[in-house]
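Notes for the structure review
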Amino acid sequence: FGIHALLVVTVTLRPVPATAQGENDVTGEDLYPPLWDLAPGELLDFPVKDNKIVISAWNYQDRLGVYKSLLSASAKYFDAFGPQNSGNILWGLPLQHGWQFRTGRLADPSGVTSCGYENGELLCQSVRSWWSCMNYYLSIIPFLGAVEAGLFGQLPYEIEILPPEEQKDDFCYSVKDCWSRMPKLMDDWKAFFEYLLSTEHKAVRSAGLSSFKLDNALGLMWKAHTSSIAYALPKFHDSLKYLSDPEANFGEDWANAVDFIAATHFSTDLLTTNEFQAFLPPRMLVEGDVLSSISDFSPEQNKVLVSLRALHKVNKITGGLLLKIWQKAMSTEAGRRIGRELIETLPLS
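Now for a quick tour of the structure. (Residues numbered from 1 in each chain as written. Predicted model: local features only at pLDDT ≥ 70, side-chain atom pairs only at ≥ 80, totals over all residues. Heavy atoms only, no water.)

Glancing now at helix α2 (residues 60–74). The end-to-end C-alpha distance of α2, which contains 15 residues, comes to 21 Å, matching closely the 21 Å that a straight helix rising 1.5 Å per residue would cover. With a side-chain oxygen positioned 2.9 Å from the backbone nitrogen of Gln61, the residue opening α2 is Asn59. (Helix = DSSP H or I, 4+ residues; strand = E, 2+ residues; numbered from the N terminus. Expected span 1.5 Å × (residues − 1). Polar contact = N/O pair within 3.5 Å; in protein donor to acceptor, adjacent residues only side chain to side chain.)

Written as structure tokens, this is what we have:
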């Protein structure tokens, strides 16, 4: 029953793209997160003060810059998987963040400040935003894990992450600080980046034959990704109070779905991620939104919301058994391939 229920739900997880995108067409502006071109491109493009590279994690453009530097530094490992770094599996992180920005999910949901609003501080990310806080653990933590792993080589300066105005104890602000407070989380992200680096060193030793395996890289990345979410979920549960009930439910539904997606080692490259999130909610959900019939959402957007809700409910009712069954089914490369095909190729019915 569990697997059958999951397959029924998974059929509607992936929307059909509104327009076909050419495989090599990676120049479209809409493929990239909003304001991507304006974000710092390298670490030394950030301000340097007191011998420290200073990053404002509560500024959308600076977080984009963190992602941009990660993508740039890791590009050479993904050359074989698409032109112009389009095959880099780290694209999923900034693209999700761009969707959050575009749909208003990073603004102050309490309305107390103008943080994140067009008529106020547009690039501000509110510490009261559940999405923004959750994303901290999918941007700053991976970045600091990469620094520690040596992805950027020997940096001339230390890294300093500026704190928010509130809830300062919920975050960490340097490699040393994060290692002392959340060692397993940092270790998971470091392990992913160390894998990339190790394949380069092995390639040198074996006369250019790289040992890089995409499935291995995806497994390590998804392990770190789900660890970040699992760590942050209870920490920011109280932030859900600022959201409408439908939006709060959707946030938790999405976090639950990531575990199922992760088990398939789903590829989060540029084109696949854009296709996958094309029919996520185009705005915040508000009181009165009924998931199956939100009038200003497309039928596909409504169906995705219903699917995520159903998946979460079934997993909760079974005490997490559904996820365990799914993870067992995804424990082989052949199983994961079938799982990805379910997500990637089954159209909305």
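After that view, the rundown keeps rolling.
Okay, helix α11 (residues 299–317) next. Note on helix geometry: an α-helix contains 3.6 residues per turn, so any two residues three or four positions apart are oriented the same way. Its 19 residues give α11 an end-to-end C-alpha distance of 27 Å, which sits within 8% of 27 Å, the value for a rise of 1.5 Å per residue. What α11 keeps buried is the set Gln301, Asn302, Val304, Leu305, Ser307, Leu308, Leu311, His312 and Asn315. Positive backbone phi, approximately 65 degrees, marks Gly319, located one or two places after α11. (Buried < 20%, exposed > 50% of the residue type's maximum accessible area, 1.4 Å probe, protein only.)

Moving on, we get to the state of the cysteines. This structure, assessed with the given rule, holds two disulfides. A sulfur-sulfur distance of 1.9 Å marks the disulfide that ties Cys115 to Cys124. On the S-S bond that ties Cys115 to Cys124, the torsion sits near -90 degrees, and the link is left-handed. The same class applies to Cys115 as to Cys124, namely buried. With a sulfur-sulfur separation of 1.9 Å, Cys172 is cross-linked through a disulfide to Cys178. Around the S-S axis, the bridge from Cys172 to Cys178 shows a dihedral of about 95 degrees and counts as right-handed. Taking the relative accessible area as the measure of exposure, Cys178 reaches 0% and is therefore buried. If one numbers only the bonded cysteines of the protein, in the order they occur, the disulfide pattern is 1-2, 3-4. (Disulfide = S-S within 2.5 Å.)

So, on to the packing of aromatic side chains. Counting across every chain of the model gives 23 aromatic pairs. Members of the aromatic cluster, joined through ring pairs, are Trp58, Tyr136, Tyr137, Phe171, Tyr231 and Phe236. Above the ring of Trp36, the side-chain terminus of Lys68 is found at 5.5 Å from the ring centroid. (Phe/Tyr/Trp six-rings, centres within 6.5 Å; stacked < 30°, edge-to-face > 60°. Lys NZ or Arg CZ within 6 Å of the ring centre and 35° of its normal.)

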